[in-house]
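Summary of the model geometry
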Amino acid sequence: MKRIPISRNFFLDEFVDPITYGRFGANSRWFVDTRIVQGVQYMRDKLGPLTINDWANGGRFKLSGLRPFDTNIGSRWSQHKYKNGADIKSNRYTPEEIHEFLKANESLFIENQWVTTIEKLQYTPTWTHVDNRNTGLSKFLFVNG
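Residues numbered from 1 in each chain as written. Predicted model: local features only at pLDDT ≥ 70, side-chain atom pairs only at ≥ 80, totals over all residues. Heavy atoms only, no water.

This next bit is on helix 3 (residues 95-104). All of the buried residues along helix 3 are Pro 95, Ile 98, His 99, Phe 101 and Leu 102. Down the axis, helix 3 shows its buried residues gathered within 160 degrees of arc, on one side only. Lining the buried residues of helix 3 we find helix 2 (34-47), helix 4 (106-112), strand 2 (117-119), strand 3 (128-131) and strand 4 (141-143). (Buried < 20%, exposed > 50% of the residue type's maximum accessible area, 1.4 Å probe, protein only. Helix = DSSP H or I, 4+ residues; strand = E, 2+ residues; numbered from the N terminus. Arc of directions from axis to C-beta. Contact = heavy atoms within 4.5 Å.)

Below, the structure written as structure tokens:
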């Protein structure tokens, strides 16, 4: 499989599930909001390596970016199904530390619409859910799982 770069440190397959990628290939980019990629890339620039999907490298994560509408993973109206959600994992930082980083840079993320919404820590014990739904707010929206 040819991996397609979509930012300095990320490939398209890291934001798309394997079925969608297999069906659409490079056109899978249609299903990824570039703002979420930019936000995660900014996080990567500051925090070091981050994982979203790693299925292309033999890993176990395949639905941490785009999710097909027919999946049972997540809620019916999950932002993952609308091309603008990412579940981020780090070997260097805990979800609590990533939340603190996001809060410290809240205005930058909000102004660029890279991240507008974060799932509360009690629902994401080993990852950090971010998305960029249109909230109309000048602060992060923290949501339940």
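Picking up where we left off.
Looking at the largest pocket, its volume works out to about 280 Å³. Gly 74, Ser 75, Ser 78, Glu 119 and Gly 145 are the residues nearest the centre of the largest pocket, which is lined by 16 residues in total. Here the residues of the lining of the largest pocket are counted per class, giving three nonpolar, eight polar and five charged. (1 Å grid on protein atoms, 1.4 Å probe; cavity = no way out; pocket = protein on both sides within 12 Å on 5 of 7 lines; lining within 4 Å. Points joined across faces, edges and corners; volume = space filled by probe spheres on them. Nonpolar A, V, L, I, M, F, W, Y, C, P; charged D, E, K, R; others polar.)

Now for empty space enclosed by the protein. Using the criterion set out here, one finds one cavity of 30 Å³ or more in the structure. Around the largest cavity, the lining residues are Phe 15, Phe 31, Val 32, Ile 36, Gly 65, Leu 66, His 80, Lys 83, Asn 84 and Gly 85. For the lining of the largest cavity, the per-class residue count stands at five nonpolar, four polar and one charged.

One non-glycine residue with positive phi stands out, namely Lys 83, at about 65 degrees. The phi dihedral of Gln 113 is positive, around 60 degrees, even though this residue is not glycine. Here Gln 113 shows up in the loop between helix 4 and strand 2. On the basis of relative accessible area, Gln 113 is assigned to the partly exposed category, the value being 24%.

Spatial ordering of the open sheet is given by 1-3-2-4, a layout of four strands whose pairing is mixed. Each having just a single partner strand, strand 1 (85-88) and strand 4 make up the two edges of the open sheet. Ignoring strand direction, the axes of neighbouring strands in this sheet form an average angle of 25 degrees. Across four bridges, the pairing between strand 1 and strand 3 is antiparallel. In the strand pairing of strand 3, Asp 87 is matched with His 129. (Pairing = 2+ DSSP bridges. Axes fitted to C-alpha atoms, helices over the stretch in contact; angles between N-to-C directions.)

Here the focus is the pattern of salt bridges. In the structure shown here, the tally under the stated rule is eight salt bridges. A salt bridge links Asp 13 to Arg 3; its shortest N-O distance comes to 2.8 Å. Note that Asp 13 is positioned in the segment before helix 1 (18-24) and Arg 3 in the segment before helix 1, a separation of 10 residues in sequence. Judged by relative accessible area, which is 1%, Asp 13 ranks as buried. Given a relative accessible area of 24%, Arg 3 falls into the partly exposed group. For the salt bridge of Lys 103 with Glu 100, the shortest nitrogen-to-oxygen distance reads 3.3 Å. Taken together, the residues Lys 103 and Glu 100, both in helix 3 and three residues apart, mark about one turn of the helix. Through salt bridges that share partners, Arg 3, Asp 13 and Glu 14 make up one connected network. (Salt bridge = Lys/Arg side-chain N within 4 Å of Asp/Glu carboxyl O.)

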